[in-house]
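So you can see what is in the structure, the chains are spelled out below.
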Amino acid sequence: MTSREGHLVELVDDRGNVLGEATVAAAHQAPGRLHRAFSVLLVDPDGRVLLQRRAPVKTRFPQRWANSCCGHPLPAESLVEAANRRLAEELGAAPVALTEVGVYLYYAEDPATGRVEFEYDHVLRADVPADVTVLPDPDEVSELRWVDPVRLLAEIDADPRAYAPWLAGVVSRLLRTGGPAGTTLPSGVPADDASERSGGR
């Protein structure tokens, strides 16, 4: 997993325009550099989302509950390709159809590791069957659970330190879309009213 710290990410402005490249490690060193990322939410037929608890060896926000899968596209890599690559690596999941439901621009400092998340985060939804097969990598994921997204927001509000600081914003983008499949958006859309800051709590 640590080898990915040397992978390149796209540095972007607050509208998603590419400005350059940096390694994962450099982009997450304080004070952080804004870069492109994605957050995947797997949604079952009952509308529940799959959460993963991040493994203890994660370099940012270990052992916190987060969305189904996260990652960074390589420069010029499509979001769909990158997200399915990470779904396979983290969850052992087969490729899925993905819909972009919004963009979430956020900043969060991890008090445990000193690393920083400063991300232009594309929120991606995949509708999956109730019996979807996942085989999580223990170096990535320590636990999984399905949860109703509305209930999840209440749980985050009650105990924010148990959750990744981006999770509430990601779930809010999902809930805004309303319908079962959301609305497909082009990559690089403006980050709507998404600009938020968090101390990482």
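Residues numbered from 1 in each chain as written. Predicted model: local features only at pLDDT ≥ 70, side-chain atom pairs only at ≥ 80, totals over all residues. Heavy atoms only, no water.

Novice: Which parts of the structure should I look at to understand helix α3 (residues 149–158)?
Specialist: Along an α-helix, residues three or four apart share an orientation, since each turn contains 3.6 residues. If you check which residues of α3 are buried, you get Pro-149, Leu-152, Glu-155 and Ile-156. The buried residues of α3 occupy one face: seen down the axis, they fall within an arc of 105 degrees. Turned more than 90 degrees from where α3 packs its buried face, Val-150, Arg-151, Asp-157 and Ala-158 sit exposed. The N-cap of α3, judged by a side-chain oxygen 3.0 Å from the amide nitrogen of Val-150 a few residues on, is Asp-148. (Buried < 20%, exposed > 50% of the residue type's maximum accessible area, 1.4 Å probe, protein only. Helix = DSSP H or I, 4+ residues; strand = E, 2+ residues; numbered from the N terminus. Arc of directions from axis to C-beta. Polar contact = N/O pair within 3.5 Å; in protein donor to acceptor, adjacent residues only side chain to side chain.)

Novice: In this structure, what is going on with the packing of aromatic side chains? I would like to understand it.
Specialist: Describing an aromatic ring pair means giving the distance of the ring centres and the angle of the ring planes. With the rule as written, the count across this model stands at three aromatic pairs. Ring centres of Tyr-107 and Phe-118 lie 5.5 Å apart, and the angle between their planes is 80 degrees; this geometry places the pair in the edge-to-face category. On the criterion of sequence distance, the pair formed by Tyr-107 in strand β7 (residues 99–109) and Phe-118 in strand β8 (residues 116–127) is long-range, its members being eleven residues apart. In this pair, the class of Tyr-107 matches that of Phe-118, namely buried. One aromatic cluster in this structure is built from Tyr-104, Tyr-106 and Trp-166. Over the ring of Trp-65 we find Arg-145; its NZ or CZ atom is 4.8 Å from the centre of that ring. (Phe/Tyr/Trp six-rings, centres within 6.5 Å; stacked < 30°, edge-to-face > 60°. Lys NZ or Arg CZ within 6 Å of the ring centre and 35° of its normal.)

Novice: What is the right way to look at the state of the cysteines in this model?
Specialist: One covalent bond between the sulfur atoms of two cysteine residues makes up a disulfide. In total, this model carries zero disulfides according to the counting rule given. The cysteine Cys-69 is free of any disulfide, with Cys-70 supplying the nearest cysteine sulfur at 6.5 Å. On the basis of relative accessibility, which here comes to 0%, the residue Cys-69 falls in the buried class. A residue is classified by how much of its surface remains accessible, and Cys-70, at 15% relative accessible area, is buried. (Disulfide = S-S within 2.5 Å.)

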